[in-house]
Amino acid sequence: VSELQGQSLGEQFGVLAQRSIVRSFRQPVVIMPVLAFPLFFLAVNAAGLKSATDIPNFPTDNYLTFALATAFIQVGMSSVSISGGGLAEDIQSGFLKRLSLTKMKGTALVLGHLAGTGVMAVISSILYIAVALIFGASIKAGVAGGVVCVLLALLVALAFGSIGIMAALRTGSTQAVQVVFPLLFVLLFFSSQSIPRNLIDQAWFRHVATVNPMSYLVEAPRSLIIKGWDAQALGKGVLIAVAILALTMSFAGGAMRQGFKER
Amino acid sequence: MSQRFWPIATGIAVRQLSKFARTANFIPPLLIPCLFLAAFAGGLSAVSTSAKFGYPNYTAFVWVFVLVMGAVFSGIFSSVAFTDDLEDRFIRRIMLATPGRAPIIVGLVMASFLQAIFIVLFLFGAGLIAGMEATGSAPQLAVVLVIGLLLNVAVSLWGIGVALRVRSALAAPLMLLPAFAVIFTSPVYVPRHLLGGWLHTVSNVNPLTPLLEAGRGFLIGVPFHTGLAFGTVLAMIALFYVFAWTGMQKLAREP
C-alpha cells in the first residue's frame, strides 16, 4: 500500500497490474481451468461434431477450424472469476479499504485488476491457436488474422473481466462474482457457437442466437479464421465488446466512488 | 444386518432430503440439464439431417444425454451437501451411534435416489414438451428411467467417496470434473459411428456409452446393449460402494 502513495496514474497502474499478474499466475487452481477447459472442449467438439461439416453450405470442412473461435470466448469468460474474484477477495480481506486511504485513483485500480486477465487471455489464445494449427486447423486471414484473433480475445477478456469487477464492487462477495460465470455460459450455449446462424434448424433458436450478443463476439474471430477479412463481422464483435467494457466501467466507477466515500 | 440398519438409513435419508429442500439443492440438477436440452435440441438439430445419422428424432437422441446429466448432477450435488456434515463433524457423531458404516452410506444414497426420481420424471416431462418422440412401450420407457436412476446411485457413491477423503466443499470440482470428462467423451451430440478420431476410440471404452446407447434404443422401442448397460452400471455401483466404504473406514480410523 505504501508503494502507491504519491505516485502518478501510470505508476499506480504498474504496481497494481504487476500484483494482479503475479497473483493470477501464482494460483495453478486458477490457471489450469483457463488453459485446459477450452482445449478440452475444443478437442471434444472438433471430434464430436465433425459430422456437422456435412451439413450443406457449412462454411468449412474442418470443424476444429470452426470451433477455434469459441475457445477465445471461453478464456474471456474465465476472466470474470480472475479479475472479479481477485477484487472481491481484496474487498473481503480489507485490502481495498487500506488502498482507499492512499491517493490511489479508481481507474488505476480497475485497470490494474484487469491486467492479470489480459495477460492470461493473450497467452491462452496463442496456445489455442498453436494447438489448433498443429492439429490441422487453418486461419484464412493469415498471420495478421491470427494476431487480430488474439487482440479480440484480449478485448473480450477485458470486457468480461470488467463485468466481474463491477459485480465485485457492487456486492463485495466472491460468491456473487462466481454466479456471473454460469450466466455467461448460458449465453454462449444459446449463441451460434456450434453451428452458423443461417444453418440453425430450429427457428426459435435462430432468433435467440440472432439477438444474443455472444453470437457476434464468436463470429468476429471466426470470420477471420474461416472467411478472411470481414469488416462487418469484425465491427459488430468489436462494437459489442467495447460497449460492454464502457457500460460496466461506468457502473464500476460509480460503485467505487460510493464505496470509497463510505470507507 | 442389524435391526437398526433401516431406521438409521431412513433417518439419514430424511435429514438429507430436508436439507435439499431447505437449500434448494435440486434446482441445479433440474435447471442445468434443461438448459442443455434446449441448447442442443435447438442449436444442433441440423446435424441429424444427414442420412448417416440413423436416429429418428434429435430431441429424443439428446434427451438421453440430458437424463444422464440430470442423474449425474443429482448425485454430485447430493454429495456436495454431505460435505457440510463432514466439515461440522456431524457425521463423526453419527458414526459413534451406528453399528456399522453401511446404513450411513445407504441413507445418503437413498436421499440422492429419491431426489433423482423427481428430477428424472421432471426431465421426462420437459423432453416431451420439447418435442421428444418416445415411441417405446411403457415398460421400455421405464427401463430408460431405471438406467438413469441406477447411474445416479453409482455417481452418489462416487461423490460420497470423494467427500469422505477431501472433507470440505472444495471436493465439488474433484467430483464434477472427472464426471464431466466421462460424459463429454461419450457419444453426446451424434451416434458413435459419426464421431471422429480419438473421440471414437475413447467412446468405445467409455462406461457411459452403453448406457446412452441402451437408453436411446429403449426410448424408440429398439432394445440395444441391454445386458452390457446394466452390467456396466451395476459394476460401477459395486466399485464406487467400495470406494465410499473405504472412505468411511478411513474417517473412522482417524482421531
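Residues numbered from 1 in each chain as written. Chains lettered and ligands numbered in written order. Predicted model: local features only at pLDDT ≥ 70, side-chain atom pairs only at ≥ 80, totals over all residues. Heavy atoms only, no water.

> I'd like to hear about the overall build of chain B, residue by residue, with values.
Across its full length, chain B holds ten helices and zero strands. The order of helices and strands in chain B, counted from the N terminus, is α-α-α-α-α-α-α-α-α-α. The C-alpha atoms of chain B give 19 Å as radius of gyration, which agrees with the globular expectation for 255 residues (18 Å, within 12%). Principal-axis analysis of the C-alpha atoms places the extent of chain B at approximately 60 × 35 × 30 Å. Burial status across chain B gives 56% buried among its 255 residues. Partitioning the contacts of chain B with sequence separation of at least 6, the portion at a separation of at least 24 is 81%. Roughly 10100 Å² of accessible area belongs to chain B as shown, and the carbon and sulfur atoms make up 73% of that amount. Of the charged side chains in chain B, 15 are positive and 7 negative; the average position of the first set lies 7 Å away from that of the second. (Helix = DSSP H or I, 4+ residues; strand = E, 2+ residues; numbered from the N terminus. Rg over C-alpha atoms; globule rule 2.2 N^0.38 Å. Buried < 20%, exposed > 50% of the residue type's maximum accessible area, 1.4 Å probe, protein only. Contact = heavy atoms within 4.5 Å. Areas by Shrake-Rupley, 256 points an atom, 1.4 Å probe, with all protein chains shown as cover. Lys, Arg positive; Asp, Glu negative; His and termini not counted. Charge placed at Lys NZ, Arg CZ, Asp CG, Glu CD.)

> Could you give an account of the overall build of chain A, with specific residues and numbers?
A count of helices and strands for chain A gives ten helices and zero strands. N-terminal to C-terminal, the α/β element order of chain A is α-α-α-α-α-α-α-α-α-α. Taking the principal axes of the C-alpha coordinates as reference, chain A spans close to 65 × 35 × 30 Å. By residue count, 54% of the 263 residues in chain A fall in the buried class. Pairs at least 24 apart in sequence give 79% of the contacts found in chain A among residues at least 6 apart. Side-chain charges of chain A comprise 18 positive and 10 negative groups, with the mean position of each set lying 8 Å from the other.

> Please give an account of the packing of aromatic side chains that cites residues and values.
By the definition in use, this model includes 32 aromatic pairs over all chains. Ring centres of W158(B) and F240(B) lie 5.7 Å apart, and the angle between their planes is 55 degrees; on these two criteria the pair is classed as tilted. You can see W158(B) sitting in helix 6 (residues 138–166) and its partner F240(B) sitting in helix 10 (residues 226–253), a full 82 residues away along the chain. Here W158(B) and F240(B) have matching classes, each one buried. Note on W158(B) and F243(B): the rings are 5.5 Å apart at their centroids and 15 degrees apart in plane angle, and the pair reads as stacked. Linking W158(B) in helix 6 with F243(B) in helix 10, this pair joins segments that are 85 residues apart in sequence. When its relative accessible area of 23% is taken as the criterion, F243(B) is described as partly exposed. For R19(A), the ring lying beneath its charged end belongs to F95(A), and the centroid distance is 4.0 Å. (Phe/Tyr/Trp six-rings, centres within 6.5 Å; stacked < 30°, edge-to-face > 60°. Lys NZ or Arg CZ within 6 Å of the ring centre and 35° of its normal.)

> Run through the interface of chain A and chain B, naming residues and quoting values.
Each partner contributes to the interface: chain A provides 25 residues, whereas chain B provides 26 residues. Counting the surface lost from both chain A and chain B, the interface buries some 2100 Å², and carbon and sulfur atoms represent 76% of this. Summed over the shared surface of chain A and chain B, the number is one salt bridge. Put simply, the parts of the chain that give the side of chain A that touches chain B at least two residues each are helix 2 (28–48), helix 7 (174–189) and helix 8 (203–211) of chain A. Top contributing element to the side of chain A that touches chain B by residue count: helix 2 of chain A, with eight residues. Residues of the side of chain A that touches chain B, tallied by class, amount to 17 nonpolar, five polar and three charged. (Buried area = accessible area lost by both parts, 1.4 Å probe. Salt bridge = Lys/Arg side-chain N within 4 Å of Asp/Glu carboxyl O. Nonpolar A, V, L, I, M, F, W, Y, C, P; charged D, E, K, R; others polar.)

> An account of helix 7 (residues 171–184) of chain B is requested, with residue identities and associated values reported.
All names here are of chain B. The first and last C-alpha atoms of helix 7 sit 20 Å apart over 14 residues, in line with the 20 Å expected at 1.5 Å per residue. Restricting attention to buried positions, one finds in helix 7 the residues A171, M175, A179, F180, I183 and F184. For helix 7, the angular spread of the buried residues around the axis is 160 degrees, confining them to a single face. (Expected span 1.5 Å × (residues − 1). Arc of directions from axis to C-beta.)

> Describe the environment of A229(B), and please don't skip the residues or the numbers.
Positionally, A229(B) belongs in helix 10. When neighbours within four sequence positions are excluded, A229(B) is seen to be in contact with P210(B), L211(B) and A214(B).

> Requested: an account of unusual backbone geometry, with residues and values cited.
Residue and element names in this part refer to chain B. Backbone geometry places R89, a non-glycine residue, at a positive phi of 65 degrees. By the element assignment, R89 lies in the loop between helix 3 (58–87) and helix 4 (90–97). One non-glycine residue, R167, lies in the positive phi region at around 60 degrees. Relative to the assigned elements, R167 resides in the loop between helix 6 and helix 7.

> Which residues make up the nonpolar core, and what are the values?
Among the nonpolar cores identified, the biggest contains 168 residues, and F160(A), F40(B), W63(B), F65(B), L151(B), F184(B) and Y189(B) are the most heavily contacted of them. Counting residues per element, this core draws most heavily on helix 3 of chain B, at 17 residues. Ignoring anything within four residues of it in the chain, the contact list for F184(B) reads F40(A), F41(A), V44(A), F36(B), F65(B), M69(B), Y189(B) and L199(B). (Core = buried A, V, L, I, M, F, W, Y, C linked by side-chain atoms within 4.5 Å.)

> Which residues make up the side chain of D85(B), and what are the values?
Residue and element names in this part refer to chain B. Relative to the helices and strands, D85 resides in helix 3. Of the polar contacts made by the side chain of D85, one reaches the side chain of R15; its length is 3.0 Å. Sequence-distant contacts of D85, that is, excluding residues within four places in its chain, are made with R15, Q16, K19, F90 and I91. (Polar contact = N/O pair within 3.5 Å; in protein donor to acceptor, adjacent residues only side chain to side chain.)

> So what's going on with the side chain of S168(B)? Residues and values would help.
Relative to the elements of secondary structure, S168(B) occurs in the loop between helix 6 and helix 7. Here S168(B) is in contact with T83(B) and E87(B), once residues within four sequence places are set aside.

> Describe the confidence of the model for chain B, and please don't skip the residues or the numbers.
Residues and elements named next belong to chain B. Of all residues in chain B, 100% attain a pLDDT of 70 or more, and the chain-wide mean is 92. Confidence scores differ between elements of chain B, with helix 4 showing the lowest mean pLDDT of 84 and helix 9 (residues 208–219) the highest of 97. Among the prediction metrics, the complex's ipTM stands at 0.83, with pTM recorded as 0.85. (pLDDT = per-residue confidence, 0-100.)

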